[in-house]
Amino acid sequence: MSATTLSPSGLSAADAKADGRIPLRGHLRHTGALVRRNLLWIRQDPESMFDALLMPVVFTLLFVFVFGGSIGQALGGGQDGYVQYVIPGMIAMMSMTLSQGVGTGFSQDFNSGVMDRFRSLPIGRGSVLFAKVSVELVRMLFATTVLMIVAVLVGFDINSWPGLFAAVGLAAVFASSIMWVFLTLGVILKNAQSVQAMGFLVLFPLQFGSSIFAPTASMPGWLQAFTDYNPLSTLADAARGLMVGGPVAHDLWVTLGWSVAITAVMAPVAIHKFRTKS
């Protein structure tokens, strides 16, 4: 009997090449089955949707009623003017904040042994990750729907439905790219708490060092330079232009450029780390 060559991850050499022999139709079928599995898991554990349900409500009410008066006066429109300013930014914030969940969930699946089971099956390794991204996008769209319902209740005027859908679509594209970063963290870090802590260190400066919650004109020069290159600023400004009115093209293309670049770099890294994790 011939010896079986093992890869560093403990898989046979034949298993390590399995992805290359699975046709695109097979990858799509595997991804669809895993998406269904993850959605069924959410149905069995509805508490996993609490963050997507409550976060838009809490943050919208907090920023509109606590900070809306003072920041709105600075904008020259009072609280009503601040509602029109901050809601598009909140869509950008949701895209980033909820993306962190894919990393913590992925880490929990590894520690519970679920991923070992998946990697023992004859399925595309990338399909597991694409399924995770797809389900998190569903959660993000659910949170965005809740956000817009609350936004209308506090006085937001939807001036352009096509602009609203375009802004949500742009946020989904950006969120899908950021999810690859958190998937990588979910693979290389030991537990969900570590992923969450690292995610906080990434999210906090990007969210508050941006134009999501307030204009950047009053910020120090060095911080304004940071916000100019912050993809959350360009996403928030693009969403604001699409939904409320104003310049769109520059911020739109910069956000799409960031999304493509992050995905191109991090998706192969995440898939490679998943295949070779021991």
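See the structure above.
The shown structure was predicted, so the numbers you read here are calculated from the model rather than taken from an experiment.

Asker: Help me out: how do you make sense of the side chain of Thr-227 in this one?
Answerer: Relative to the elements of secondary structure, Thr-227 occurs in helix 11 (residues 221-229). The class of Thr-227 is buried, set by a relative accessible area of 3%.

Asker: Explanation requested: the pattern of salt bridges in the structure shown.
Answerer: Side-chain pairing between opposite charges can occur once the charged atoms of the two side chains come close. One pass over the full model with this rule turns up three salt bridges. Among the ionic pairs, Arg-139 bridges to Glu-136, the shortest N-O distance being 3.0 Å. Placement of both Arg-139 and Glu-136 in helix 8 (residues 125-153) is noted, with a separation of three residues, approximately one turn of the helix. Residues Arg-139 and Glu-136 agree in their burial class; the two are buried. As a salt-bridge pair, Arg-240 and Asp-237 come within 2.8 Å of each other at their nearest N and O atoms. With a gap of three residues between them, Arg-240 and Asp-237 both fall in helix 12 (residues 231-243), about one helical turn apart. Judged by its relative accessible area of 10%, Arg-240 falls in the buried class. When its relative accessible area of 26% is taken as the criterion, Asp-237 is described as partly exposed. Three or more residues are tied together by salt bridges with common partners; here these are Asp-51, Glu-136 and Arg-139.

Asker: Is there a simple way to think about empty space enclosed by the protein in this case?
Answerer: Where empty space is left becomes clear once a probe the size of a water molecule has been rolled over the atoms. In this structure the tally under the stated criterion is one cavity of 30 Å³ or more. One number sums up the size of the largest cavity: a volume of about 30 Å³. In this structure, the largest cavity is lined by Leu-34, Arg-37, Asn-38, Met-115, Phe-118, Val-128, Ala-131 and Lys-132. Looking at the lining of the largest cavity, the elements that each hand over two or more residues are helix 3 (24-44), helix 7 (114-119) and helix 8. Its residues assigned to classes, the lining of the largest cavity comprises five nonpolar, one polar and two charged.

Asker: Where do I start with helix 12 in this structure?
Answerer: Spacing of three or four residues puts side chains on the same side of an α-helix, whose turn is 3.6 residues. Across its 13 residues, helix 12 extends 18 Å between first and last C-alpha, which sits within 8% of the 18 Å expected from 1.5 Å per residue. Among all positions of helix 12, only Pro-231, Leu-232, Ser-233, Thr-234, Leu-235, Ala-236, Ala-238, Ala-239, Arg-240, Gly-241 and Met-243 are buried. The opening residue of helix 12, the one whose side-chain oxygen lies 2.9 Å from the backbone nitrogen of Leu-232, is Asn-230. Just downstream of helix 12, Gly-245 is the residue with a positive phi angle, here 120°.

Asker: Please clarify how the environment of Thr-216 should be interpreted in this entry.
Answerer: Within the secondary structure, Thr-216 is located in the loop between helix 10 (192-208) and helix 11. Ignoring any residue separated from it by four or fewer positions in sequence, one finds Thr-216 in contact with Ser-210, Ser-211, Gln-224 and Thr-227.

Asker: Help me out: how do you make sense of the layout of surface pockets in this one?
Answerer: When its volume is computed, the largest pocket comes out at roughly 960 Å³. Lining the largest pocket are 35 residues, and of these Asp-51, Gly-101, Thr-104, Gly-105 and Arg-139 lie nearest its centre. Of all the elements in the fold, those that place two or more residues in the lining of the largest pocket are helix 3, helix 4 (50-75), helix 5 (78-97), helix 6 (100-112), helix 8 and helix 10. Element by element, the count of residues in the lining of the largest pocket is highest for helix 6, at nine residues. When its residues are assigned to classes, the lining of the largest pocket shows 16 nonpolar, twelve polar and seven charged. Empty space within the second largest pocket amounts to approximately 170 Å³. Contributing to the lining of the second largest pocket are 15 residues, with Met-96, Ile-178, Val-202, Leu-206 and Pro-231 lying nearest its centre. Only helix 9 (161-188), helix 10, helix 11, helix 12 and helix 13 (249-276) provide two or more residues apiece to the lining of the second largest pocket.

Asker: What is the right way to read the packing of aromatic side chains from this model?
Answerer: Both the distance between ring centres and the angle between the ring planes are used here to describe each pair of aromatic rings. With the rule as written, the count across this model stands at ten aromatic pairs. Judged by centre distance (5.4 Å) and plane angle (40°), the rings of Phe-63 and Phe-67 are tilted. Note that Phe-63 and Phe-67 are positioned in helix 4 at a spacing of four residues, about one turn of the helix. According to the relative accessible area criterion, Phe-63 is buried, its value standing at 7%. Here Phe-130 and Trp-180 contribute two aromatic rings whose centre-to-centre distance is 5.2 Å and whose plane-to-plane angle is 80°, an arrangement assigned as edge-to-face.

Asker: It is not clear to me how the nonpolar core should be interpreted in this structure. Could you clarify?
Answerer: Generally speaking, nonpolar side chains in soluble globular proteins are found buried as a group. Phe-106, Val-128, Leu-129 and Trp-180 are the most contacted members of the largest nonpolar core, which has 71 residues in total. Among the elements that make up this core, the one with the highest residue count is helix 9 (15 residues). If we ignore the near neighbours within four places in the chain, the residues touching Trp-180 are Leu-129, Phe-130, Val-133, Thr-263, Met-266, Ala-267, Ala-270 and Ile-271.

Conventions used here
- Residues numbered from 1 in each chain as written.
- Predicted model: local features only at pLDDT ≥ 70, side-chain atom pairs only at ≥ 80, totals over all residues.
- Heavy atoms only, no water.
- Helix = DSSP H or I, 4+ residues; strand = E, 2+ residues; numbered from the N terminus.
- Buried < 20%, exposed > 50% of the residue type's maximum accessible area, 1.4 Å probe, protein only.
- Salt bridge = Lys/Arg side-chain N within 4 Å of Asp/Glu carboxyl O.
- 1 Å grid on protein atoms, 1.4 Å probe; cavity = no way out; pocket = protein on both sides within 12 Å on 5 of 7 lines; lining within 4 Å.
- Points joined across faces, edges and corners; volume = space filled by probe spheres on them.
- Nonpolar A, V, L, I, M, F, W, Y, C, P; charged D, E, K, R; others polar.
- Expected span 1.5 Å × (residues − 1).
- Polar contact = N/O pair within 3.5 Å; in protein donor to acceptor, adjacent residues only side chain to side chain.
- Contact = heavy atoms within 4.5 Å.
- Phe/Tyr/Trp six-rings, centres within 6.5 Å; stacked < 30°, edge-to-face > 60°.
- Core = buried A, V, L, I, M, F, W, Y, C linked by side-chain atoms within 4.5 Å.

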